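# Examining the three-dimensional arrangement
Residue-level listing of the chains:
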Amino acid sequence: MGKLWEKGYRLHEEIERFEVGDDIALDRRLAWADLMGSLAHVQMLGRIGILTGDEVERLREGLRELLALDQQEGLALTVQDEDIHTKVENLLVARLGDVGKKLHTGRSRNDQVLVDLRLYAKRALLDLQEAVLALAATLLEFAQRHRDVPMPGYTHMQRAMLSSVGLWAGAFVEALLDDLLFCETAYRLNDQSPLGSAAGYGVPLPLDRELTARLLGFARVQGNALYCQNSRGKGELAALQAAAQIAVDLAKLATDLLLFTTAEYGFFQVAPEMTTGSSIMPQKRNLDAVELVRARCRRILSYQEEVAGIIAGCPSGYNGDLQETKRPFMEGLDVAMACLRVMALTIEHTTVDAARLQEACTRELFATDAALDRVAQGVPFREAYRQVAADLGAVPVPDLREALARRAHLGAPGNPGLDVAARWIEAERERVQVARRRFDTALAALADAGDP
């Protein structure tokens, strides 16, 4: 067989190369998802009487063989294969003969690729959330270890008030945990089955869409067939938007690390094996990986803008433009995963110079303390503010540990709420583990016996 849509004419080679682009390389990564979607579809066709029991078993066995082949060495695709859907069907026809030609009954490549991308997104989003939690846990351990180490707090890039290393690191823990809300929403959007919507208008067959959704581990069926096609790119965009939220926090963390490890600050040091050198300056140890994280986080922001721009201009129904969402979607999640891992590794290899931090906690950090001390004596705050501002040189520098202890309300430098963050991390881990078990159990049952 050739292409699934062949009608007796030959596609111009230049058009074929242009249309395929880099889609073949991307489709290799969707092979497992396409095979899973086909396993569910075949079983459903058997249940509604479109395929005989023998045909179902032969197709299922062929698909399982291809799944094993993909896991061992990957399915090799060429331009002539056009896409993963064509490749799988042609391989089955070569193995099984005419029964392989029945695989596509009641299905379009449009709902096939939607299923593939939803399954891919779900697995990738689970991986992403686990990586977020790993970095959050690393930062939490760093915060707990240096909880009461004083450090300057900054506003407008100037020293402002007394802070602590625990507060600084804990801020990024909570930021990442907030980012999981976006990941969870993106997962829920992708956790609905479009299989059976065909090209956006259904088919005149009694398809059991609830069965295929259950077999594939989806939480529900995405009902409206046209909206299934209209939502192409939306689930991918949601995943990229979650990645973008993570990227914003990682870029800020990277910038802080780059500043605080300079000779001018000297608050933190990063192990030599995390740095690279200069080709001309013998003394240089550069945090190139952290700088690249900061740059690549901006790439993630551009990927979400690219996908949003593609889908915003399309009319209802499937349009070829949507093929172009695949690359930024996959690459964006890849980049986010790599950045999370690099930042976790960097924090693990970061140490704190407590003496340098204490030295940096200079008089001006306690101007507000001095004003509030006058408030406690009955002076209105605005008047106390002006009195202190008029004679900053008279501001006393307290014992730093005692000053931190005074900042005891929840979320303050002396009480950064790390126990709350620890419980939050554990709750999120459990949520992700439950979702992972549900997803993996369904797919394992489908590949094995067919019905979880």
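Everything that follows concerns the structure shown earlier in this document.
Here goes a summary of the coordinates provided. (Residues numbered from 1 in each chain as written. Predicted model: local features only at pLDDT ≥ 70, side-chain atom pairs only at ≥ 80, totals over all residues. Heavy atoms only, no water.)

## Remarks on the pattern of salt bridges
Here the idea is simple: oppositely charged side chains can pair when their charged atoms come close. Under the definition given, this model contains 23 salt bridges. Ionic pairing is found between R64 and E61, a salt bridge with its closest N-O pair at 2.9 Å. Highlighted residues: R64 and E61, both in helix α4 (residues 53–72), separated by three residues, approximately one helical turn. Judged by its relative accessible area of 36%, E61 is partly exposed. Between R429 and E426 there is a salt bridge, with the nearest N and O atoms lying 2.6 Å from each other. Within this pair, R429 and its partner E426 are both found in helix α17 (residues 418–448), separated by three residues, close to a single helical turn. For R429, a relative accessible area of 28% gives the class partly exposed. According to the relative accessible area criterion, E426 is partly exposed, its value standing at 44%. Three or more residues are tied together by salt bridges with common partners; here these are K122, D191 and R438. (Salt bridge = Lys/Arg side-chain N within 4 Å of Asp/Glu carboxyl O. Helix = DSSP H or I, 4+ residues; strand = E, 2+ residues; numbered from the N terminus. Buried < 20%, exposed > 50% of the residue type's maximum accessible area, 1.4 Å probe, protein only.)

## A look at the nonpolar core
Ranked by internal contacts, the top residues of the largest apolar core, which has 123 residues, are M36, W168 and L216. At 19 residues, helix α6 (residues 109–145) tops the list of elements feeding residues into this core. (Core = buried A, V, L, I, M, F, W, Y, C linked by side-chain atoms within 4.5 Å.)

## A word on the packing of α4 against α17
It is the contact of α4 with α17, at a shortest axis distance of 9 Å, that shows an interaxial angle of 120 degrees. Relative to α17, the element α4 lies oblique. Each of R60, R64 and L67 in α4 lies in contact with α17, whose residues at this interface are L446, A447 and D448. Taken together, the residues of the contact of α4 with α17 sort by class into three nonpolar, no polar and three charged. (Axes fitted to C-alpha atoms, helices over the stretch in contact; angles between N-to-C directions. Parallel < 35°, antiparallel > 145°, perpendicular 65-115°, else oblique. Contact = heavy atoms within 4.5 Å. Nonpolar A, V, L, I, M, F, W, Y, C, P; charged D, E, K, R; others polar.)

## A look at helix α3 (residues 31–47)
If you check α3, its first and last C-alpha atoms are 25 Å apart, about what 17 residues at 1.5 Å a residue would give, namely 24 Å. For α3, the buried fraction is high: 15 of the 17 residues fall into the buried class. Just downstream of α3 lies G49, where phi reads positive at about 85 degrees. (Expected span 1.5 Å × (residues − 1).)

## A look at a nonpolar patch on the surface
A surface patch of nonpolar side chains, about 350 Å² in accessible area, is lined by L372, V375, F381 and Y385. At the level of elements, α14 (367–376) and α15 (381–390) are the ones that each hand at least two residues to the nonpolar patch. Here F381 lies in helix α15. Using a relative accessible area of 35% as the deciding quantity, one classes F381 as partly exposed. (Patch = residues over 30% accessible without salt bridge, like charges linked within 9 Å, V, L, I, M, F, W, Y side chains within 5 Å. Areas by Shrake-Rupley, 256 points an atom, 1.4 Å probe, with all protein chains shown as cover.)

## Quick notes on the pairing of strand β2 (residues 158–164)
Judged from the six bridges that link them, strand β1 (residues 150–155) and β2 form a sheet pairing that is antiparallel. Bridge assignment links M151 to a residue of β2, and that residue is S163. In textbook terms, the turn of a hairpin is the stretch between consecutive antiparallel strands, and for β1 and β2 this stretch comprises two residues, one of which, H156, has a positive phi near 55 degrees. (Pairing = 2+ DSSP bridges.)

## Observations concerning the packing of aromatic side chains
A complete count under the given rule lists 13 aromatic pairs for this structure. Taking 5.8 Å as the distance between ring centres and 90 degrees as the angle between the ring planes, the aromatic pair formed by F260 and F268 counts as edge-to-face. Its end group placed over the ring of W32, R123 keeps NZ or CZ at 3.8 Å from the ring centre. Sitting over the face of the ring of Y385, R382 holds its NZ or CZ atom 4.8 Å from the ring centroid. (Phe/Tyr/Trp six-rings, centres within 6.5 Å; stacked < 30°, edge-to-face > 60°. Lys NZ or Arg CZ within 6 Å of the ring centre and 35° of its normal.)

## Observations concerning the state of the cysteines
Tallied over the full model, the rule gives zero disulfides. With no disulfide of its own, C228 has C314 as its nearest cysteine by sulfur position, at a separation of 16 Å. (Disulfide = S-S within 2.5 Å.)

## Thoughts on the side chain of T212
Among the structural elements, T212 can be located in helix α8 (residues 209–215). Excluding anything up to four places from it in sequence, T212 contacts A40, H41, M44 and L195.

## Structural notes on unusual backbone geometry
Keep in mind that most residues, glycine aside, have a negative phi and that most peptide bonds are trans. For H156, which is not glycine, the phi torsion reads 55 degrees and is therefore positive. Here H156 lies in the loop between β1 and β2. The phi angle at M157 is positive, at roughly 65 degrees, despite the residue not being glycine. Note that M157 resides in the loop between β1 and β2. The exposed category is assigned to M157, whose relative accessible area is 57%.

## Details of the environment of Q377
Mapping Q377 onto the fold places it in the loop between α14 and α15. For Q377, a relative accessible area of 66% translates into the label exposed. Spatially, the C-alpha atom of Q377 lies 36 Å from that of F267, the residues being 110 residues apart in sequence.

## Some words on the side chain of S197
The topology assignment puts S197 in the loop between β3 (192–193) and α8. For S197, a relative accessible area of 0% corresponds to the buried category. When sequence neighbours within four positions are dropped, the list of residues in contact with S197 reads D111, G202, R209, A225, C228 and Q229.

## Some points on helix α11 (residues 288–312)
Here α11 is 25 residues long and its end C-alpha atoms lie 37 Å apart, about the 36 Å a rise of 1.5 Å per residue gives. When we look at burial in α11, the residues that qualify are V290, V293, C297, I300, Y303, V307, I310 and I311.

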